[in-house]
Every structure is written in C-alpha cells, then in structure tokens.
Amino acid sequence: MAFDIDKYTANSTAVGWDDLDFDEFDRTPLPASTLRILRYMCDVEYHTVCYLRDLLTTPSHKEPEIGAFMTMWNREEFWHGEALSAVLAKHDMAVDFDELKATRVKLGWKDRLDPIKQSMMGGLVGHDFVAVHMAWGAANEWSANAAYLRLAKQEGHPVLAELLKRIAAQETKHVAFYASQARDRLAASKKARVIARFALNKFWRPVGSGISSEAEVGHVMGVLFAGTEGRKLVRDMDSHIAKLPGLEGLTIVENALDGYGIPAEGPGTEELRREVVAA
Ligand SMILES: [Fe+2]
Ligand SMILES: [Fe+2]
C-alpha cells in the first residue's frame, strides 16, 4: 500500500512520555551496559539533523514528498533523542544537544566534507541517487526498529520498555516511507538498482558507526544481537532489505556483525544475564 504522506505529516508528533513514571528509574535504575546503549542511541537520534543537512545537498531535496517526510522525520528523531536523554538524566548522565553540536563542529574535516561527498555522489548518479538514499534509509530504519524492540525485551524494565516500544512504533512509520519509496524507485530504474546494490553492499555500516567509536558500535551490536536469537533478528533485517528490487541476496547486516566479531550462535546477552543471576 502506498505511504500516505499527507496523513503522516498531519499526525506527526513527539513521542509521548509525560504519562510514564520516570521516578521508577530512581527505584529501579538501569544497569551500566544498558545506559551505554541508550547513550549511543541518543547520540544517533540527535545526529539526525546533521544527516539531514548532508541530504539537503543532494537531488533528494528537490522531491516534494521526500522533503515533507524528512522535515517531520527529523523532528521525530530529535524527540527520540530528547526522550532518551531524559532517561539518561535520571541516572545523572547529561546529554546536551548544544554540547553534541559543538562536538560535531570539532569533528572538523571529515564532518565538513560529508555534504560535499554526498552532493558529488548526488551529481554523479543524478536522479537515481534518490532511490539509493531511500534504500539506505530503509535499512537504517529497519535496524533502528529492531534495536529498540530488542533492548525493550532484553532489559524488561517496565518504563524503559514502554518508552522504547513507543519510539519503535515511530521507526516503523519511517520504515514504511523509505521502503515504499525505495521499492518504487528501484523497480523503475536498472541503474538505481545497480548503484544501490553496490553502495549498500560496500559501504553500509550499522547506524551510529562514524559518530561513535568502533568500541561503542561493537558493544551495542554485541549486547543486542549476539547469539542464536540475536542472529535470527539480524537475518530478519537482511531478508527485509533483500526484498527490495535489485538487492536480492544481500546480507549487509550479517556481514557487518561478522566484521565486529559478534558470535552468530550460542547464548545471547539475555541468557548470559539469566545464568549470572541464577548462579
Ligand atoms: Fe529514532
Ligand atoms: Fe527513524
């Protein structure tokens, strides 16, 4: 079914958490490992505005539907960051948006070159860049959705789980937009299919790599997706991506996890944690 952009923009809103009892975090604080993941996710959400800036230099910004979506999408991701930073604040971990922005400025050349590289790529592949952007966005949103649902289940903290499920519900809408756009645009252009397949296979990395250290990416991927159960979720993500035209057979998420040495079999974090508690 086609994505209804008018309905989406009319209904787009901040993820709600006013009704959640955040004092529960005082009574039952989250473990350090989970806070580390939430910090990573918070940085990723707050980084969306930089990602948007890069994409405004590409042909995607000339597409009215995509412009409308990305405006609302950027706000929703920012609010995800705010909600996560409120959880972190309950554990005396401050994440200040202005401070993060200042850190981005300090990133220097790499960060400043990103828009140029993006626009060069946009110029080189022309209108087909939009299809690549949409396929890339779909892969990112599928993985964000899976990560939030996985952490909600693993941690089992009632307030955190509810918040993460609400965030994941918005990520599902983002998936729907990117995937429907990617499907149509890839189906319409052989050149787009070839470039998208090449770009995703060669360059896709887990969301957050590039803005967090490799150690942080490895920690997050390891906790969320290690072991047999985690690998099943990873293969589910890859199977969604591989259903897009031209991307058949790709296993980009699994390849990325293999690159971080995340075990594909055996117990995951949940089981290991249960064993420690039972011992
Ligand atoms: Fe998000
Ligand atoms: Fe999203």
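Read on for an overview of the structure. Here the structure is a predicted model, which means the values were calculated and not measured. (Residues numbered from 1 in each chain as written. Chains lettered and ligands numbered in written order. Predicted model: local features only at pLDDT ≥ 70, side-chain atom pairs only at ≥ 80, totals over all residues. Heavy atoms only, no water.)

Regarding the overall build of the protein
Convention followed: Under the scheme used here, helices are H or I runs from DSSP no shorter than 4 residues and strands are E runs no shorter than 2 residues, and both carry numbers assigned from the N terminus. Buried residues are those whose accessible area, probed at 1.4 Å on protein chains only, stays under 20% of the maximum for their type, while exposed residues exceed 50% and partly exposed ones sit between those limits. We call two residues in contact whenever any of their non-hydrogen atoms come within 4.5 Å of each other. All accessible-area figures derive from a Shrake-Rupley calculation using a 1.4 Å probe, and residue coverage is judged against the displayed protein chains alone.
Regarding its fold elements, the protein presents 13 helices and zero strands. Helices and strands in the protein line up, N terminus first, as α-α-α-α-α-α-α-α-α-α-α-α-α. Burial status across the protein gives 52% buried among its 279 residues. Considering only contacts within the protein whose residues lie at least 6 apart along the sequence, 85% involve residues at least 24 apart. In the form shown here, the protein has an accessible surface area of approximately 13,300 Å², with 59% of it arising from carbon and sulfur atoms.

Digging into the environment of Pro 206
Within the secondary structure, Pro 206 is located in the loop between helix 9 (190-203) and helix 10 (214-225). Classification of Pro 206 by relative accessible area gives buried; the value is 5%.

What to know about the coordination of the iron ion (ligand 1)
Around a metal, the ideal angle is 109.5 degrees if four donors adopt a tetrahedral arrangement and 90 or 180 degrees if six donors adopt an octahedral arrangement. Put simply, the rule is: Each metal's donors are the N, O and S atoms found within 2.8 Å of it, except that Na, K and Ca use a 3.2 Å limit; water is left out, so coordination can look incomplete.
All of the protein donors around the iron ion (ligand 1) are Glu 45 (OE), Glu 45 (OE), Glu 77 (OE), His 80 (ND1) and Glu 171 (OE); their distances to the metal are 2.0 to 2.4 Å. Sequence spacing of the donor residues for the iron ion (ligand 1), all on one chain, is E-x31-E-x2-H-x90-E. A gap of 3.8 Å separates the iron ion (ligand 1) and the iron ion (ligand 2), which Glu 77 links by coordinating each metal. Separated by 91 residues along the polypeptide, His 80 in helix 4 (residues 64-89) and Glu 171 in helix 8 (residues 158-188) bring together distant segments of the chain. Judged by its relative accessible area of 0%, His 80 falls in the buried class.

Some points on unusual backbone geometry
The backbone of Asp 92 shows a phi angle near 60 degrees, a positive value even though the residue is not glycine. Taking the relative accessible area as the measure of exposure, Asp 92 reaches 76% and is therefore exposed.

As for the side chain of Ser 85
Within the secondary structure, Ser 85 is located in helix 4. Of the residues examined, Ser 85 reaches a relative accessible area of 12% and is grouped as buried. Those residues in contact with Ser 85 that sit more than four places away from it in its chain are Cys 42, Tyr 46, Met 93 and Val 95.

Overview of helix 3 (residues 32-55)
To keep it simple, the criterion reads: For a helix, the expected span equals 1.5 Å multiplied by the number of residues minus one.
Relative to the 34 Å expected for 24 residues at 1.5 Å per residue, helix 3 spans 34 Å between its end C-alpha atoms, a close match to the ideal helical length. Counted residue by residue, helix 3 has 17 buried out of 24 residues, so it is predominantly covered.

Focus on the pattern of salt bridges
Formally: Between Lys or Arg on one side and Asp or Glu on the other, a salt bridge is scored when a side-chain nitrogen of the former is within 4 Å of a carboxyl oxygen of the latter.
Applying the stated criterion to the full structure yields 16 salt bridges. When the shortest N-O distance is used, the salt bridge between Glu 63 and Arg 185 registers 2.9 Å. With Glu 63 in the loop between helix 3 and helix 4 and Arg 185 in helix 8, this pair connects stretches of sequence that are 122 residues apart. Like Glu 63, the residue Arg 185 is buried in the burial classification. One continuous salt-bridge network, built from bridges that share partners, spans Arg 231, Arg 235, Glu 254 and Asp 258.

Details of the packing of aromatic side chains
In plain terms, the rule: The criterion for an aromatic pair is that two Phe, Tyr or Trp rings (for Trp, the six-membered ring) have centres within 6.5 Å, with stacked assigned to planes under 30 degrees apart, edge-to-face to planes over 60 apart and tilted to the rest.
Summed over all chains, the structure comprises 14 aromatic pairs. With centroids separated by 6.1 Å and ring planes inclined at 85 degrees, the aromatic side chains of Trp 73 and Tyr 178 adopt a geometry described as edge-to-face. In this pair, Trp 73 sits in helix 4 while Tyr 178 sits in helix 8, placing the two residues 105 residues apart along the sequence. The residues Trp 73 and Tyr 178 share a single accessibility class, namely buried. Ring pairing ties together the aromatic residues Phe 3, Tyr 8, Tyr 51, Phe 69, Trp 73, Phe 177 and Tyr 178, which thus form one cluster.

A closer look at the coordination of the iron ion (ligand 2)
Protein-derived ligands of the iron ion (ligand 2) are Glu 77 (OE), Glu 141 (OE), Glu 141 (OE), Glu 171 (OE) and His 174 (ND1), with the metal-ligand distances lying across 1.9 to 2.7 Å. One chain supplies every donor to the iron ion (ligand 2), and in sequence these donors are spaced E-x63-E-x29-E-x2-H. Using a relative accessible area of 0% as the deciding quantity, one classes His 174 as buried.

A look at the side chain of His 219
Convention followed: Any N or O atom pair separated by 3.5 Å or less is treated as a polar contact, with the protein-specific requirement of one donor-capable and one acceptor-capable atom, and with residues adjacent in sequence counted only for side-chain atom pairs.
By the secondary structure assignment, His 219 is in helix 10. Residue class for His 219 comes out buried when judged on its relative accessible area of 17%. In terms of polar contacts, His 219 uses its side chain to reach the backbone carbonyl oxygen of Ser 33, at 3.4 Å. Non-local contacts of His 219, meaning those with residues more than four positions away in its chain, are made with Ser 33, Arg 36 and Ile 37.

Overview of the packing of helix 8 against helix 9
Filter applied, for reference: Between the N-to-C directions of two axes lies an angle of 0 to 180 degrees, each axis being a line fitted to C-alpha atoms and, for a helix, fitted only over the stretch in contact. When an angle is under 35 degrees it counts as roughly parallel; over 145 it counts as roughly antiparallel; between 65 and 115 it counts as roughly perpendicular; any other value is oblique. Here the nonpolar group is Ala, Val, Leu, Ile, Met, Phe, Trp, Tyr, Cys and Pro; Asp, Glu, Lys and Arg are the charged ones; every other residue, Gly included, is treated as polar.
Relative orientation of the contacting elements helix 8 and helix 9 amounts to 120 degrees, with a least axis distance of 5 Å. With respect to helix 9, the element helix 8 is oriented oblique. Contacts between helix 8 and helix 9 involve Arg 185, Leu 186, Ala 187 and Ala 188 from the first element and Lys 190, Ala 192, Arg 193 and Ala 196 from the second. When the residues that make up the contact of helix 8 with helix 9 are grouped by side-chain class, the tally is five nonpolar, no polar and three charged.

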